[in-house]
Amino acid sequence: MKLERLSYDPGAALDFYEQGLTHLGALCERTWHDRLEVLAEGLAASLWNRQGEMHSGELHFAPADTKAARDASREVFPGCPLTFRLAEAQRPSPLSLDRLVLAASSAVAPELPVAEKLWCNQYPGTGRWRLVKPFVADFHFSLLALIRCEVQAIDQHWSLHRVAVTLPGGEPDEDLARQLNFASVEPNPQPEPVWPKPDPVQWRLWLQAALEPDLMAELRGIRTRQENSLKRELERVDDYFDQYERELTERGRRSSKEGVKHRTEDRLAAAKAEHARRRADQVARHEIRVHPHLEAVLLIAEPAWRAELHIERSRQSAELPAWYVPRARRWHCDSPIL
């Protein structure tokens, strides 16, 4: 789920800077409605110098439509690099894994006809479906991450995504990512969930796979602009070297001296090598690089109903454990379905 970007507001940006810099240990004072005096050292000062040496200065929060040249060390504006540094400085290192238990939406197990119908809709081709053991209250787990994506192209692009995947299968859960703001939290769950063991390597692969579809629409437009720009640059490079090589070839033909012909051949070889180098340089300049930054990770437990099922599918039968999640009205299985 791609989160909508907030429109730039100087007052809101000033509040963010004042609270963020104060949290990092800086002294801040509003000298005017759009100005903030800052005295910083250490981590707070590293926003301006990597050594963290003492920094003193005034920040001006300019309106978005200001036409004058910007000074990124003293002015805050849309896309200001100082804003990104401040946001990154707020992030704990190493990143903590938070845990959250959602409140139960219903204390009653689903009716068997409803549960069977939802299973058959989710897994078409099921011949028989039977509940071997009654429903038992349990938990189903999901992993949710807040990811900031930096796309480096001709222009810089940033986007913020909320991505959720189920555990342990790693299937994307778009509904959970969208509905999290409206979810109710259980502060004291009884019993306490048995949380799954963290698996950073596998979780990274699942989150990356879930993030890619979110980026496709944005990357499609960027890729089109990059390809058009690359085409123009390659045509310009090709035209220049084609004309230069034709001129060298004509000079060689007009001269009868062997020395001139050898020098012409050497220049042609050098021109071809430079031509190839310039083309490769333009291709490298027009590459699109995506750098995802993990801002927050949340492990979510939500009430579910565990059941032992007997199913027949594709002329095969098996008994397997499955979890019914009332929020999503979906079934989840650890084992592969027949």
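In this text, all values refer to a predicted model and were calculated from it rather than measured experimentally. Residue indices begin from 1 for each chain and proceed along its sequence in written order. Note on the predicted model: pLDDT of at least 70 is required for a residue's local features to be given, and 80 or more for side-chain atom pairs to be given and counted; whole-chain, interface and lining totals, by contrast, use all residues. Each side-chain value is worked out from all heavy atoms of the structure, with water and hydrogens disregarded.

**What about the overall build of the protein chain?**
For step 1, the next point in the chain: Secondary structure follows DSSP: runs of H or I at least 4 residues long count as helices, runs of E at least 2 residues long count as strands, and numbering of each begins at the N terminus. Within the protein chain, the regular secondary structure consists of six helices and 11 strands.
For step 2, the next point in the chain: In this setup the radius of gyration rests on C-alpha atoms only. A globule is expected at 2.2 Å times the number of residues raised to 0.38. For the protein chain, the C-alpha radius of gyration of 30 Å lies well beyond 20 Å, the compact-globule estimate for 338 residues.
For step 3, the next point in the chain: Dimensions of the protein chain, computed from the C-alpha atoms along their principal axes, are close to 100 × 70 × 35 Å.
For step 4, the next point in the chain: Should any heavy atoms of two residues lie within 4.5 Å, those residues are counted as being in contact. Of the contacts formed within the protein chain by residues at least 6 apart in sequence, a portion of 64% connects residues at least 24 apart.
For step 5, the next point in the chain: On the protein chain, roughly 20900 Å² of surface is accessible, and the fraction owed to carbon and sulfur atoms is 52%.
For step 6, the next point in the chain: Residues counted as positive are Lys and Arg, residues counted as negative are Asp and Glu, and His and the chain ends are not counted. Charge coordinates come from a single atom per side chain, which is NZ of Lys, CZ of Arg, CG of Asp or CD of Glu. Across the protein chain, the 46 positively charged side chains and the 51 negatively charged ones have centroids separated by 7 Å. The Shrake-Rupley method, run with a 1.4 Å probe sphere, supplies the accessible areas, and residue values consider only the shown protein chains as cover.

**Description of the pattern of salt bridges**
Side chains bearing opposite charge may pair, as long as their charged atoms lie close to each other.
For step 1, the next point in the chain: The working definition used for a salt bridge is a side-chain nitrogen of Lys or Arg within 4 Å of a carboxyl oxygen of Asp or Glu. Within this structure, the stated rule accounts for 18 salt bridges.
For step 2, the next point in the chain: Here Arg30 ties to Glu18 by a salt bridge, and the two come within 2.9 Å at their closest N and O atoms. Of this pair, Arg30 sits in strand S2 (residues 27–32) while Glu18 sits in helix H1 (residues 10–23), and the two are 12 residues apart along the sequence.
For step 3, the next point in the chain: Three labels apply to residues, based on accessible area from a 1.4 Å probe with only protein chains included: buried if under 20% of the type maximum, exposed if over 50%, partly exposed otherwise in between. For Arg30, a relative accessible area of 41% puts it in the partly exposed group.

**Quick word on the layout of surface pockets**
For step 1, the next point in the chain: Considering only enclosed or pocket space, the largest pocket measures out at about 1100 Å³ in volume.
For step 2, the next point in the chain: Lining of the largest pocket is provided by 27 residues; of these, Arg5, Leu6, Thr83, Phe84 and Leu160 occupy positions nearest its centre.
For step 3, the next point in the chain: Secondary-structure elements contributing two or more residues to the lining of the largest pocket are strand S1 (2–3), H1, helix H2 (81–90), strand S7 (126–152) and strand S8 (156–167).
For step 4, the next point in the chain: Here the lining of the largest pocket gets four residues from one element, more than from any other, and that element is H1.
For step 5, the next point in the chain: Here the lining of the largest pocket is composed, by residue class, of 16 nonpolar, four polar and seven charged.
For step 6, the next point in the chain: Only protein atoms enter the 1 Å grid used here, on which a cavity is any set of points holding a 1.4 Å probe that cannot leave and a pocket is any open set flanked by protein within 12 Å on both sides along at least five of seven lines; residues with an atom within 4 Å of a point are listed as lining. Grid points are joined across faces, edges and corners, and a volume is the space filled by probe spheres set on the points. A volume near 520 Å³ is recorded for the second largest pocket.
For step 7, the next point in the chain: For the second largest pocket, the lining is made up of 21 residues, of which Ile147, Arg204, Leu207, Gln208 and Leu294 are closest to its centre. Gly is put with the polar residues, along with every residue not named as nonpolar or charged; the nonpolar set is Ala, Val, Leu, Ile, Met, Phe, Trp, Tyr, Cys and Pro, and the charged set is Asp, Glu, Lys and Arg.

**Some remarks on helix H3 (residues 112–122)**
For step 1, the next point in the chain: If you check which residues of H3 are buried, you get Ala115, Leu118, Trp119 and Gln122. Taken around the axis of H3, the buried residues stretch over an arc of 100°, which confines them to a single face. In H3, the exposed positions that point more than 90 degrees away from the buried face belong to Pro113, Lys117 and Asn121.
For step 2, the next point in the chain: Buried residues along H3 sit in contact with S7, strand S9 (289–313), strand S10 (316–325) and strand S11 (330–333). Directions are taken from the helix axis to each C-beta atom, and the arc is the one they span.

**Focus: helix H5 (residues 200–254)**
For step 1, the next point in the chain: For H5, spanning 55 residues, the distance from its first C-alpha to its last is only 69 Å, which falls clearly below the expected 81 Å at 1.5 Å a residue.
For step 2, the next point in the chain: Along H5, the largest kink reaches about 45° and is centred on Met216. For a helix, the expected span equals 1.5 Å multiplied by the residue count minus one. Two axes enter the bend calculation: one fitted to the seven residues ending at the residue in question, the other to the seven starting there, and the bend is the angle between them.

**With respect to the side chain of His140**
For step 1, the next point in the chain: Within the fold, His140 resides in strand S7.
For step 2, the next point in the chain: Not counting chain neighbours up to four residues away, the residues in contact with His140 comprise Thr166, Leu167, Ile300, Ala301, Glu302, Ala304, Val325 and His332.

**Some thoughts on the environment of Asn181**
For step 1, the next point in the chain: One can find Asn181 in the loop between helix H4 (174–179) and H5.
For step 2, the next point in the chain: According to the relative accessible area criterion, Asn181 is exposed, its value standing at 56%.
For step 3, the next point in the chain: N or O atoms closer than or at 3.5 Å make up a polar contact, with two conditions inside protein: a donor-capable atom paired with an acceptor-capable one, and, for residues adjacent in sequence, both atoms drawn from side chains. For Asn181, the side chain forms a polar contact with the side chain of Arg162, separated by 3.3 Å.

**Focus on the nonpolar core**
For step 1, the next point in the chain: For this analysis, a nonpolar core means a set of buried residues of the types Ala, Val, Leu, Ile, Met, Phe, Trp, Tyr and Cys, connected via side-chain atoms within 4.5 Å. Ranked by size, the top nonpolar core spans 23 residues in total, and within it Leu143 and Leu167 carry the most contacts.
For step 2, the next point in the chain: Of all the secondary structure elements, the ones that give two or more residues to this core are S7, S8, H5 and S9.
For step 3, the next point in the chain: A per-element tally of this core places H5 first, with eight residues.
For step 4, the next point in the chain: Non-local contacts of Leu143, meaning those with residues more than four positions away in its chain, are made with Leu97, Val163, Ala164, Val165, Leu167, Trp203, Leu207, Val297, Leu298 and Leu299.
For step 5, the next point in the chain: Judged by nonpolar contacts, the second largest core, of 21 residues, contains Leu24, Leu36, Ala40 and Phe61.

**Let's talk about the state of the cysteines**
Here a disulfide denotes a covalent bond joining the sulfur atom of one cysteine to the sulfur atom of another.
For step 1, the next point in the chain: Two cysteine sulfur atoms make up a disulfide if the distance between them is within 2.5 Å. On inspection of all chains with the given rule, the structure shows zero disulfides.
For step 2, the next point in the chain: There is no disulfide at Cys120, and the cysteine sulfur nearest it, in Cys333, is 12 Å away.
For step 3, the next point in the chain: For Cys120, a relative accessible area of 27% gives the class partly exposed.

**So, the sheet that holds strand S5 (residues 75–76)**
For step 1, the next point in the chain: Think of it this way: DSSP has to see at least two bridges between two strands before they count as a pair. Pairing within the open sheet is mixed, and its four strands lie in the order S2-S3-S4-S5. A strand with exactly one partner marks an edge of an open sheet, and here the two such strands are S2 and S5.
For step 2, the next point in the chain: Direction of pairing for strand S4 (residues 55–61) relative to S5: parallel, over a ladder of two bridges. Looking at S5, one finds that Phe61 is bridged to Val76.

**A look at the pairing of S7**
For step 1, the next point in the chain: Alignment of S7 against S9, held across 23 bridges, turns out to be antiparallel. Bridged to Leu146 within S9 is Ala296.
For step 2, the next point in the chain: Of the strand pairs in this sheet, S7 and S8 are connected by 12 bridges, and their pairing is antiparallel. Bridged to Ser142 within S8 is Thr166.
For step 3, the next point in the chain: Once S7 ends, the chain turns through three residues before running back antiparallel as S8.

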